[in-house]
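Take a look at the letters that make up each chain.
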Amino acid sequence: MPIKPTVKILKQLKKKGYKLYILSNIGEKSLKCIEERHPDVFKLFDGIYTASDRDGYIKKPQPEIYKRYLDKFGQNPNELIFIDDKKSNLTAAKKFGIDTIHFTSAKNLFKVLSKRKAF
């Protein structure tokens with residue numbers, strides 16, 4: 001079940017013109033099932049990269065998943081903010097020059113993004 005305050009933040013970011021992506025350790029099949037149950041949330045995202053059998057289920061915080069994500073979407077790591085609840089995943093992203101935010105709650109995320117003038 002999507003967390004309503006977090007979805008509200010996603011909608012606000014989208015309205016401001018930010019591109020949103022998912023980088024997930026959840027396998028393709030599981031993520032597809034979640035997407036089918038919550039298409040309104042998934043339509044907010046511009047792209048998804050997840051662990052799959054094609055890449056040997058490489059997962060965060062393995063460096064290769066960040067490299068593949070960046071390559072797939074052609075993004076500049078210096079223009080990204082990676083939000084995750086696990087510090088080890090954030091540490092790995094920082095090694096690529098990606099700015100990070102530790103997700104602890106929607107309330108805290110809103111506060112951090114507001115301080116960064118995202119809204």
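In this text, all values refer to a predicted model and were calculated from it rather than measured experimentally.

In this structure, what is going on with the packing of helix α1 (residues 4–15) against helix α6 (residues 106–115)? I would like to understand it.
Helix-helix packing: each pair is described by the crossing angle between the helix axes and the interaxial distance. Relative orientation of the contacting elements α1 and α6 amounts to 25°, with a least axis distance of 8 Å. Considering their axes alone, α1 and α6 lie roughly parallel with respect to each other. Viewed along their axes, α1 and α6 form a crossing whose handedness is left-handed. Listed contacts from α6 to Pro5, Thr6, Ile9, Gln12 and Leu13 of α1 are Ala106, Leu109, Phe110 and Leu113. Here the contact of α1 with α6 is built from residues that sort into seven nonpolar, two polar and no charged.

Just checking my understanding: could you explain the pairing of strand β3 (residues 81–84) for this structure?
Consecutive residues of a regular strand have side chains that alternate between opposite faces of the sheet. Along β3, the buried face is formed by Phe82 and Asp84; none of Ile81 and Ile83, which line the opposite face, is buried. Bridge count for β3 against strand β4 (residues 99–102) is four bridges, and the pairing is parallel. Across the sheet, phenylalanine 82 pairs through a bridge with threonine 100, a residue of β4. After leaving β3, the chain enters helix α5 (residues 87–94) and then returns to the sheet as β4, a path that is right-handed.

Help me understand the nonpolar core, please; the structure alone is not making it clear to me.
Proteins that are soluble and globular tend to have nonpolar side chains buried together. Judged by nonpolar contacts, the single largest core of 16 residues is most densely connected at Ile9, Leu13, Phe45 and Leu113. Secondary structure elements with two or more residues in this core: α1, α3 (39–42) and α6. Sequence-distant contacts of leucine 13, that is, excluding residues within four places in its chain, are made with Tyr18, Leu20, Leu113, Ala118 and Phe119. Leu23, Tyr49, Tyr69 and Phe82 belong to the second-largest nonpolar core, a separate cluster that totals 13 residues.

How should I be thinking about the side chain of serine 52 in this particular structure?
Its location among the elements puts serine 52 in the loop between β2 (47–50) and α4 (63–73). Apart from residues no more than four positions distant in its own chain, serine 52 is found in contact with Glu28 and Tyr57.

Could you clarify how one ought to interpret α5 in this entry?
An α-helical turn contains 3.6 residues, so a residue and the one three or four places further along point in the same direction. Looking only at α5, the buried set comprises Asn89, Leu90, Ala92 and Ala93. Buried residues along α5 cover an arc of 160° about the axis, so they all sit on one side. Pointing more than 90 degrees away from the buried face of α5 are the exposed residues Lys87 and Lys94. Against the buried residues of α5 lie α4, β3 and β4.

How do you make sense of the side chain of serine 24 when you look at a structure like this?
Within the fold, serine 24 resides in strand β1 (residues 21–24). With a relative accessible area of 9%, serine 24 lands in the buried category. At 2.9 Å, the side chain of serine 24 forms a polar contact with the backbone nitrogen of isoleucine 26. Sequence-distant contacts of serine 24, defined by excluding residues within four places in its chain, comprise Tyr49, Thr50, Ala51, Lys60 and Ile65.

Help me out: how do you make sense of the environment of phenylalanine 82 in this one?
On the secondary structure map, phenylalanine 82 appears in strand β3. Residue class for phenylalanine 82 comes out buried when judged on its relative accessible area of 11%. In the structure, phenylalanine 82 is positioned 60 residues away from isoleucine 22 in sequence and 9.6 Å away in space, judged by C-alpha atoms. The contact partners of phenylalanine 82, leaving out residues within four places of it in the chain, are Leu23, Lys60, Tyr66, Asn89, Leu90, Ala93, Ile98, Asp99, Thr100 and Ile101.

The rules behind each value
- Residues numbered from 1 in each chain as written.
- Predicted model: local features only at pLDDT ≥ 70, side-chain atom pairs only at ≥ 80, totals over all residues.
- Heavy atoms only, no water.
- Axes fitted to C-alpha atoms, helices over the stretch in contact; angles between N-to-C directions.
- Helix = DSSP H or I, 4+ residues; strand = E, 2+ residues; numbered from the N terminus.
- Parallel < 35°, antiparallel > 145°, perpendicular 65-115°, else oblique.
- Left-handed = near helix turned anticlockwise from the far one by under 90°.
- Contact = heavy atoms within 4.5 Å.
- Nonpolar A, V, L, I, M, F, W, Y, C, P; charged D, E, K, R; others polar.
- Buried < 20%, exposed > 50% of the residue type's maximum accessible area, 1.4 Å probe, protein only.
- Pairing = 2+ DSSP bridges.
- Right-handed = clockwise from strand over helix to strand, strands pointing away.
- Core = buried A, V, L, I, M, F, W, Y, C linked by side-chain atoms within 4.5 Å.
- Arc of directions from axis to C-beta.
- Polar contact = N/O pair within 3.5 Å; in protein donor to acceptor, adjacent residues only side chain to side chain.

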